[in-house]
There are 2 protein chains.
Amino acid sequence: MDIDELSQKILNRDRRALARAITLVESQRSDHRAQATELLGTLAKHRRQALRIGLSGTPGVGKSTFIESFGLMLTAQGLRVAVLAVDPSSARSGGSILGDKTRMERLSRDPNAYIRPSPSQTHLGGVARRTREAVALCEAADFDVVLIETVGVGQSETVVAELSDLFLLLLAPAGGDELQGVKRGIMEIADVILVNKADGDLKSAATRTCADYSGALRLLRKREQDPPGYPKAMMVSALEDQGLEHAWDSLQQLNNWRREQGHWDQRRADQARYWFVQEVRQALLAQLDSPQARAHMTQLGDSVAMGDQGITHAAQLMLANLTQT
Amino acid sequence: MDIDELSQKILNRDRRALARAITLVESQRSDHRAQATELLGTLAKHRRQALRIGLSGTPGVGKSTFIESFGLMLTAQGLRVAVLAVDPSSARSGGSILGDKTRMERLSRDPNAYIRPSPSQTHLGGVARRTREAVALCEAADFDVVLIETVGVGQSETVVAELSDLFLLLLAPAGGDELQGVKRGIMEIADVILVNKADGDLKSAATRTCADYSGALRLLRKREQDPPGYPKAMMVSALEDQGLEHAWDSLQQLNNWRREQGHWDQRRADQARYWFVQEVRQALLAQLDSPQARAHMTQLGDSVAMGDQGITHAAQLMLANLTQT
């Protein structure tokens, strides 16, 4: 693969080149990893940046409908939108959070939108790196907005929050004890909560839910990266295209404020440091993945299980072996 | 420190030697680590084994009272009992789950009992290794039963379960929605659930709670390491010394069955393999803790944050640096 050519095509907004590049960064093969690193290094020099919006919401809140409506609104304004998914659960099911794109048929046919379903992955670490690199590729391909969505299984919200400039939590209208259903940690990373399905029979329930969350957000500790009035809860109806522009205005307002105040730069810098540390840790642990290391681990593990060797001593032998090779 | 002498004293049930040895395995100093490894290796040859009982329960269920009553019952039968704590939360508070032993005053004065409070630790990994090695030292010091208790913060139950032959969950009587308060994962590792405080005004509530949990346990997937009737829920009153012998009979019955069926050996072997893998992973990551490594991480992290270097590339530089030294 000619990395310079691929790089140039991505910079020229070539969608097939982008798709090929994402497939490249998803690969576990070591020659592919080397090419991916070279490609990302080349593209990084252009320092293109998109607005990265993290989006979390459990199944049933209308996430696909929201992404489609919200995405089409953005492209109608002349913006280019990429949608990526972080889905650690697909490692088990082999499926994909975004399905076969048929759930967002109109957006997927929009020339200014690019939707990339989540691949099957074996662990969250791999999902995180793949998504981080796919975001960088989308930025290089000159997208204005990158939506990173997750169903919020396990640690995936943390991954998405550490990749995003803004974090959106999408909820459905619900009864009075709805608040208990949202983990406190998620509330604390949300910049804007959108109560979807504020239409038809659910409109009054949505109003109540939105008020409940507005109240709950006011009780959270004030974060220095928030201007007055944020984080906030708002109502939308993705189905009826209601409130989406208002939500987008709020997101832009928040983002502009953070850029002016220096929070945006600070957050990107912190995120880069965070991912660097994660990458180093993962690379260290990846030394255990080679066939030789696995064989040695099994052999030492057996001797430990038989009681022939102490755990600490066996671990020292393993480490000595790893650093020699 | 003369490791042979220390080892001999521990084998001769010398409590002060045991206390010194546990302090040694708790130390982070590299010369202490080397001595601890040598000591554990020497003691391991004697292959002494105790019955390891993990015990979890949130604050307020009467854990200290239970351990005191249960421990005194065991020592009255001529058994020697050691009590250890896994308390990752003490890393923050600097305190100890077992306090200053005053909460178990009678047991702590019993010559056949040994109580070791949890030390302050910086991370769960450290807590886990320290506890695993302290268990081994107690076994070498010829204790018959080692109780390993935790308040169940975060991952600590997993640590305790991976160190135990049997896992006890202690609960207090409660209202009808009590079941929701216990994480499913804890239910799944419990061998026996004890509903404590089955005395006075709480007796009828305890009966209901016990029945609720009996029902819940029957709904769990059958585990091959359980004879008919297990896992089970039982009532005890630690305050009034009620039901403790019955609980002990049930634990012994379960343990004997597992020994006869080979599950006991299998579990110990699996646990040894598990801890070996954990130890190797931790040792790999510990390479990042040296002053040089930290300085290098900071420097590369800064250049990544400035955008001067890609994350993957910087991680490769860091790894190359680590493997050279």
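As annotated in an unreviewed UniProt entry, chain A carries the name Methylmalonyl Co-A mutase-associated GTPase MeaB and comes from Parasedimentitalea marina.

## A short note on the relation of the copies chain B and chain A
Expressed as a screw transformation, the operator carrying chain B onto chain A has a rotation angle of 180° and an axial translation of 0.0 Å, and the superposed copies differ by an RMSD of 0.1 Å. Those values place the two copies in the arrangement expected of a two-fold rotation axis. Mapped onto chain A, 100% of the interface residues of chain B are again interface residues, and the two copies thus contact each other with one and the same surface.

## Side note on unusual backbone geometry
Residue and element names in this part refer to chain A. A cis geometry characterises the amide bond from Tyr 230 onward to Pro 231, with omega recorded as -5°. With respect to the secondary-structure elements, Pro 231 resides in the loop between helix H10 (203-219) and strand E7 (232-235). Unlike most non-glycine residues, Lys 197 shows phi in positive territory, near 65°. Note on placement: Lys 197 falls in the loop between strand E6 (192-195) and H10.

## Digging into the domain arrangement of chain A
Residue and element names in this part refer to chain A. Here the domain parsing of chain A yields domain 1 (1-45), domain 2 (48-261) and domain 3 (290-323). Both faces combined, the contact of domain 1 with domain 2 buries some 1,700 Å², and carbon together with sulfur accounts for 55% of it. Broken down residue by residue, the surface that domain 1 buries against domain 2 is led by Arg 13, Arg 15 and Glu 26, which jointly contribute 35%. Between the two partners, domain 1 and domain 2, sit 4 salt bridges. Between Glu 26 and Arg 116 there is a salt bridge, and its shortest N-O distance comes to 3.3 Å. On the surface where domain 1 and domain 2 come into contact, there are 9 residue pairs in polar contact (both at pLDDT 80 or more).

## Digging into the environment of B:Asn321
All names here are of chain B. With respect to the helices, strands and loops of the structure, Asn 321 is situated in helix H14 (residues 311-324). With relative accessibility at 28%, the residue Asn 321 sits in the partly exposed group. Between the C-alpha atom of Asn 321 and that of Ala 293, which follows or precedes it by 28 residues, the distance is 8.6 Å.

## Some points on the side chain of B:Thr37
Relative to the helices and strands, B:Thr37 is located in helix H3 (residues 30-44). Judged by its relative accessible area of 14%, B:Thr37 falls in the buried class. A polar atom in the side chain of B:Thr37 sits 2.8 Å from the backbone oxygen of B:Arg33. Once residues lying within four places of it in the same chain are set aside, the contact partners of B:Thr37 are A:Thr312, A:His313 and A:Gln316.

## Points about the interface of chain B and chain A
How big an interface is tends to be expressed through the accessible area that disappears when the partners come together. Each side of the interface is counted separately: chain B has 37 residues, and chain A has 37 residues. In this assembly, chain B packs against chain A so that about 3,300 Å² is buried in total across both faces, 73% of it on carbon and sulfur atoms. Looking only at chain B, the three residues that lose the most surface to chain A are B:Phe276, B:Leu284 and B:Ile311, adding up to 20% of its buried area. The interface formed by chain B and chain A contains 4 salt bridges.

## As for the packing of helix H14 (residues 311-324) of chain A against helix H12 (residues 263-286) of chain B
The interhelical angle for the contact between H14(A) and H12(B), taken along N-to-C directions, is 45°, at an axis separation of 9 Å. One element, H14(A), and the other, H12(B), form an angle in the oblique class. Once H14(A) is placed against H12(B), the crossing between them reads as right-handed. Note on element contacts: H12(B) touches H14(A) through B:Ala272, B:Trp275, B:Phe276, B:Glu279, B:Val280, B:Ala283 and B:Leu284, opposite A:Ile311, A:Thr312, A:Ala314, A:Ala315, A:Met318, A:Leu319 and A:Leu322.

So, how was this worked out
- Residues numbered from 1 in each chain as written.
- Chains lettered and ligands numbered in written order.
- Predicted model: local features only at pLDDT ≥ 70, side-chain atom pairs only at ≥ 80, totals over all residues.
- Heavy atoms only, no water.
- Least-squares fit on C-alpha atoms with pLDDT ≥ 70 in both.
- Contact = heavy atoms within 4.5 Å.
- Helix = DSSP H or I, 4+ residues; strand = E, 2+ residues; numbered from the N terminus.
- Domains from an automatic or database assignment.
- Buried area = accessible area lost by both parts, 1.4 Å probe.
- Salt bridge = Lys/Arg side-chain N within 4 Å of Asp/Glu carboxyl O.
- Polar contact = N/O pair within 3.5 Å; in protein donor to acceptor, adjacent residues only side chain to side chain.
- Buried < 20%, exposed > 50% of the residue type's maximum accessible area, 1.4 Å probe, protein only.
- Axes fitted to C-alpha atoms, helices over the stretch in contact; angles between N-to-C directions.
- Parallel < 35°, antiparallel > 145°, perpendicular 65-115°, else oblique.
- Left-handed = near helix turned anticlockwise from the far one by under 90°.

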